[in-house]
Amino acid sequence: MQYYNINQPTDKVSLKEAIMQSPKGVTGLYMPETIPPMDASFMQNLGQYHLQEIAGEAAKKMFHGDVEDRVLEDIAAHAVDFAIPAVPIHDNIYTLELFHGPTLAFKDVGARFMAGLFEHFIARERKEVNILVATSGDTGSAVACAFLGKQGIKVTILYPSGKVSKLQEKQLTTLGQNITALEVNGTFDDCQRMAKQAFADSTLKPYVNLTSANSINFARLFPQSFYYFHAFAQLSKITKPLVCCVPSGNFGNITAGLIAKRMGLPVHHFIAATNQNDIIPQYLSSGDFTPKPSVTTISNAMDVGNPSNFSRMQALFNGVYADFKTAITGYAFNDEQTRKIMRQVYQQHDYVLDPHGAIGYGALQHYLQGKDLTGIFLETAHPAKFGDVVEDTLGVEVPMPENLQRYARLEKKSILLENDYDLLRDFLIETSR
Ligand SMILES: *Cc1c(COP(=O)(O)O)cnc(C)c1O
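Residues numbered from 1 in each chain as written. Predicted model: local features only at pLDDT ≥ 70, side-chain atom pairs only at ≥ 80, totals over all residues. Heavy atoms only, no water.

### Topic: the overall build of the protein chain
Looking only at helices and strands, the protein chain has 19 helices and 14 strands in total. Against the globule reference of 22 Å for 433 residues, the protein chain gives a C-alpha radius of gyration of 21 Å, in line with a compact fold. Structurally, the protein chain occupies a C-alpha span of about 65 × 50 × 40 Å along its principal axes. When each of the 433 residues of the protein chain is scored for burial, the buried share is 57%. When the accessible surface of the protein chain is totalled, it reaches about 18,000 Å², and 48% of it is carbon and sulfur. Across the protein chain, the centroid of the 38 positively charged side chains sits 3 Å from that of the 45 negatively charged ones. (Helix = DSSP H or I, 4+ residues; strand = E, 2+ residues; numbered from the N terminus. Rg over C-alpha atoms; globule rule 2.2 N^0.38 Å. Buried < 20%, exposed > 50% of the residue type's maximum accessible area, 1.4 Å probe, protein only. Areas by Shrake-Rupley, 256 points an atom, 1.4 Å probe, with all protein chains shown as cover. Lys, Arg positive; Asp, Glu negative; His and termini not counted. Charge placed at Lys NZ, Arg CZ, Asp CG, Glu CD.)

Pasting the structure below:
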């Protein structure tokens, strides 16, 4: 299948180019030319399949012909080799716990699948690839963990010194092997600027084969559709129509849900839940898409002022605003409301939500009032990842899962870098030898 660039539909490339590097040197906003439906018989028996079987089936539908079926099954099974349970909260509300992977956030699924595909494509070449990522925390750890030990791939992470949590820093700096952490004396924006400069620098080409692994990559986005199918499989005994509510920032997660629906998953309705960075809820109520500088909130993984998957969502609705509005309802909550939801769910239902999941719960609960429907919201991170906010809000300590405790005991290894692109350039050339 060919992939087209949303910003320039005549620009069509192969899967490998769309996810690794297009001939134009950028990994842009690519979409598959068609979205293949799942087999009707598979969907009828969805409840009988395990997560890994579902993942393999969906991956084969989407990437058939580009990668051997057997390889896709392996990559998909590895990407979701941890539980993603649908857990009842109360009445007709469920949560899909996406935090049982190695870095305790849903980004593990996409990062691990992407790592598998990269490894597959690179295995045929002699060239080494260097993945450069700028991170404010979560993305870097999911990517580093997913690519750890992969043959022919080096990962270089740029993170702002002193601006990620202690635990996040440990997750970035203790892995070793093919992962290098560069601690930049600057902000996240400085890191991102340096990374962009490196991708655009043609004088680096003879030395390193640079690739990005950012969230607009289709190889990271598509695998997130697996767990929507899996949620429905687990709730297959429920006869009422099912609503999916997604706490959103860059809107990759909800876009994967929309793709699952297009492949045949009978999602009754979607809810896009945001913090005060409410660009899409505003769009849904006014029809105007107006990006703004992001504001800082307690659900900081959703602090996005210009959601990069907006144009993908528009493409899925063929640019028809009325269809967009019919399929999705938007809600936004500020920090005070978010904390109130966390307290309410803890006191009444004995369930500890992280601030992102709390926004999902709040939006779903609001939407379902007076409706004869069932709903599931995605819990995108483990509450221990946002332990400070959770403890401050609920007054309870969140035990740290064993996965994370391990990091806390390891020794930090980073290379300090001044906020100067030339130093990054020198480093990349130096280490390519
Ligand atoms: C990345 C992230 C989100 C936002 O997901 P998008 O796909 O960007 O909408 C929500 N919650 C957590 C915990 C995240 O890490």
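Next comes the rest of the write-up.
### Observations concerning the site of the ligand
Around the ligand, 15 residues are found, and the nearest of them are Lys107, Gly249, Asn250, Phe251 and Thr380. The contact in question runs from an oxygen atom of the ligand to an N or O atom on the backbone of Phe251, over 2.8 Å. Its residues assigned to classes, the shell around the ligand comprises six nonpolar, seven polar and two charged. (Near = heavy atom within 4 Å. Polar contact = N/O pair within 3.5 Å; in protein donor to acceptor, adjacent residues only side chain to side chain. Nonpolar A, V, L, I, M, F, W, Y, C, P; charged D, E, K, R; others polar.)

### Observations regarding the nonpolar core
One finds Phe147, Tyr228 and Ile328 to be the most contacted residues of the largest nonpolar core, which totals 108 residues. For this core, the element with the highest residue contribution is helix α5 (residues 107-122), accounting for nine residues. When neighbours within four sequence positions are excluded, Tyr228 is seen to be in contact with Cys244, Val246, Asn253, Ile254, Ala256, Gly257, Ala260, Leu265, Phe270 and Leu378. Counting residues in each nonpolar core, the second largest holds 30 residues, with Ile89, Phe99, Ile271 and Leu364 among its members. (Core = buried A, V, L, I, M, F, W, Y, C linked by side-chain atoms within 4.5 Å. Contact = heavy atoms within 4.5 Å.)

### Digging into the packing of helix α3 (residues 51-63) against helix α10 (residues 226-234)
Packing of α3 against α10 brings their axes to within 9 Å, and their N-to-C directions diverge by 135°. Classed by the angle they form, the pair α3 and α10 counts as oblique. Regarding α3 and α10, the two cross each other, and that crossing is right-handed. Contact residues: Leu51, Ile54, Ala55, Ala58 and Ala59 in α3; Phe226, Phe229, His230 and Ala233 in α10. (Axes fitted to C-alpha atoms, helices over the stretch in contact; angles between N-to-C directions. Parallel < 35°, antiparallel > 145°, perpendicular 65-115°, else oblique. Left-handed = near helix turned anticlockwise from the far one by under 90°.)

### What about the packing of α5 against helix α6 (residues 138-147)?
Direction vectors running N to C along α5 and α6 enclose 40°, while the axes themselves pass 8 Å from each other. Put simply, α5 runs oblique to α6. Considering only the axes of α5 and α6, their crossing is right-handed. Side by side, α5 and α6 meet where Lys107, Asp108, Ala111, Arg112, Met114, Ala115 and Phe118 of the first sit next to Thr139, Ala142, Val143, Ala146 and Phe147 of the second. For the contact of α5 with α6, the residue count by class is eight nonpolar, one polar and three charged.

### Details of a negative patch on the surface
A surface patch of like charges, here negative, comprises Glu418, Asp420, Asp422 and Asp426. Residue placement: Glu418 occurs in strand β14 (residues 415-418). Residue class for Glu418 comes out partly exposed when judged on its relative accessible area of 47%. (Patch = residues over 30% accessible without salt bridge, like charges linked within 9 Å, V, L, I, M, F, W, Y side chains within 5 Å. Salt bridge = Lys/Arg side-chain N within 4 Å of Asp/Glu carboxyl O.)

### A word on the packing of aromatic side chains
Tallied over the full model, the rule gives 19 aromatic pairs. Aromatic side chains Phe42 and Tyr49 sit 4.1 Å apart centroid to centroid with 15° between the ring planes, which places their arrangement in the stacked category. Classification of Phe42 as buried rests on a relative accessible area of 6%. Accessibility expressed as a relative area gives 27% for Tyr49, which makes it partly exposed. With a centroid separation of 5.7 Å and 75° between ring planes, the pair formed by Phe113 and Phe226 is classed as edge-to-face. (Phe/Tyr/Trp six-rings, centres within 6.5 Å; stacked < 30°, edge-to-face > 60°.)

### Details of helix α15 (residues 335-349)
In an α-helix, one turn spans 3.6 residues; hence positions three or four apart end up facing the same way. Look at α15: 21 Å from first C-alpha to last across 15 residues, which is about the 21 Å you get at 1.5 Å a residue. Looking at α15, one finds that the buried residues are Thr338, Ile341, Met342 and Val345. An end-on view of α15 places all buried positions within 100° of arc, on one side of the element. Across α15 from its buried face, at more than 90 degrees, point the exposed residues Glu336, Lys340, Gln347 and Gln348. Elements in contact with the buried residues of α15: β4 (86-90), α16 (355-368) and α17 (387-394). The N-capping residue of α15, defined by a side-chain oxygen 3.2 Å from the backbone nitrogen of Glu336, is Asn334. Following α15 by one or two positions, Asp350 has its phi on the positive side, about 55°. (Expected span 1.5 Å × (residues − 1). Arc of directions from axis to C-beta.)

### Points about the side chain of Ser299
Note on placement: Ser299 falls in the loop between α12 (279-286) and α13 (310-316). Overall, the relative accessible area of 0% leaves Ser299 in the buried class. Ser299 has contacts with Asn275, Pro355, His356 and Ile359, leaving out every residue within four places of it along the chain.

### Focus: the sheet that holds β14
The parallel open sheet is built from five strands, whose spatial order is β9-β6-β7-β8-β14. The sheet terminates laterally at β9 (210-211) and β14, the two strands that pair on one side only. Sheet topology places strand β6 (residues 129-134) next to β9; two bridges connect them, and they run parallel. When the sheet's bridge partners are listed, Asn130 is paired in β9 with Leu210. Packing of α5 onto the sheet brings it into contact with β6, β7 (153-160) and β9, and relative to β7 it is tilted by some 140°. (Pairing = 2+ DSSP bridges.)

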